[in-house]
Amino acid sequence: MATTNDLKNGMVLDLDGQLWSVVWFQHHKPGKGGAVVRTKLKNVLSGKVVDKTFNADVKVEIATVDKRDMTYLYNDGAAYVFMDKSTYEQLQLQPDVVGEAVHFLLENQDAIVAVHDDLPLYVELPASVELLVEYTEPGLQGDRSTGGTKPAKLETGYTIQVPLFLTTGEKVKVDTRTGDYLGRVNS
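Just so it is clear, the structure is predicted and the values come from calculations on it, not from any experiment.

A few points about the sheet that holds strand 14 (residues 159-163)
The five strands lie next to each other as 14-13-12-15-16, forming an open sheet whose pairing is antiparallel. Strands with a single pairing partner mark the edges of an open sheet, and in this sheet they are strand 14 and strand 16 (181-185). The mean inter-strand angle of the sheet, taken between neighbouring strand axes irrespective of direction, is 50°. Taken together, the four bridges between strand 15 (residues 171-175) and strand 16 define a ladder with antiparallel strand orientation. Bridging across to strand 16, lysine 173 finds its partner in glycine 183.

Section: the pattern of salt bridges
Across all of its chains, the model carries five salt bridges by this definition. A salt bridge links lysine 67 to glutamate 124, with the nearest nitrogen and oxygen atoms 2.9 Å apart. Taken together, the residues lysine 67 in strand 7 (residues 66-75) and glutamate 124 in strand 11 (residues 119-124) connect sequence positions 57 residues apart. Across the pair aspartate 175 and arginine 177 runs a salt bridge whose closest N-O atoms are separated by 3.2 Å.

Focus: the environment of leucine 105
Among the structural elements, leucine 105 can be located in the loop between helix 1 (95-98) and strand 10 (109-116). Through-space distance from the C-alpha of leucine 105 to that of valine 129 is 8.9 Å; in sequence the pair is 24 residues apart. When sequence neighbours within four positions are dropped, the list of residues in contact with leucine 105 reads Tyr72, Phe82, Val98, Leu125 and Thr156.

A few points about the pairing of strand 13 (residues 149-154)
Only one face of strand 13 is covered, namely the face carrying Lys150, Ala152 and Leu154; the face carrying Thr149, Pro151 and Lys153 is uncovered. Strand direction decides the pairing type here: strand 12 (residues 128-136) and strand 13, joined by three bridges, are antiparallel. Residue valine 133 lies in a different strand from strand 13, and its bridge partner there is leucine 154. The pairing of strand 13 with strand 14 spans five bridges and is antiparallel. Looking at strand 14, one finds that threonine 149 is bridged to proline 163. Connecting the antiparallel pair strand 13 and strand 14 is a turn made up of four residues, with glycine 157 showing a positive phi of about 95°.

Some details on the packing of aromatic side chains
Across all of its chains, the model carries three aromatic pairs by this definition. With a centroid separation of 5.4 Å and an interplanar angle of 75°, the aromatic rings of phenylalanine 104 and tyrosine 158 are classed as edge-to-face. With phenylalanine 104 in the loop between helix 1 and strand 10 and tyrosine 158 in the loop between strand 13 and strand 14, this pair connects stretches of sequence that are 54 residues apart. Assessed through its relative accessible area of 3%, phenylalanine 104 is described here as buried. For tyrosine 158, a relative accessible area of 24% puts it in the partly exposed group.

What counts, and where the lines are drawn
- Residues numbered from 1 in each chain as written.
- Predicted model: local features only at pLDDT ≥ 70, side-chain atom pairs only at ≥ 80, totals over all residues.
- Heavy atoms only, no water.
- Pairing = 2+ DSSP bridges.
- Helix = DSSP H or I, 4+ residues; strand = E, 2+ residues; numbered from the N terminus.
- Axes fitted to C-alpha atoms, helices over the stretch in contact; angles between N-to-C directions.
- Salt bridge = Lys/Arg side-chain N within 4 Å of Asp/Glu carboxyl O.
- Contact = heavy atoms within 4.5 Å.
- Buried < 20%, exposed > 50% of the residue type's maximum accessible area, 1.4 Å probe, protein only.
- Phe/Tyr/Trp six-rings, centres within 6.5 Å; stacked < 30°, edge-to-face > 60°.

Structural data, given as structure tokens:
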């Protein structure tokens, strides 16, 4: 148990039997009345985001979430198989647990798997990854006033927008949170 004054971003709360991750919080003291804590909470399982206001010093239950360093091994068609780096134990995760991380996963890539009471919750990747451009159309100069973009298919099968100067076979840095192109990787 902790109070709402102890909240931090990334903390996981157990509210009414559901797990909620604190995305944002703000202590607020209005001119009249008691202090409150405004929060933006994200449901760990469904991804739903809600705004919730707590009175200051209200007790909230903090969920124990174990973040394990793991290595992605392979996809067996139905599940994604990860291996714990310390125990070498293999864990099979369903596609809904892996979520958007599937677009950036390569075999033997490191990831963090969050587990609560032996139930895998989600997969966390590094902020950016380097992936190979598997295919993109050649860039053509046209009549435009600013730099243009074109679609590029990455080695994971995911398609992102890249600048016109990129060609097939180049490595690019991609933001795993948004899927945005961050830059070219020089070999």
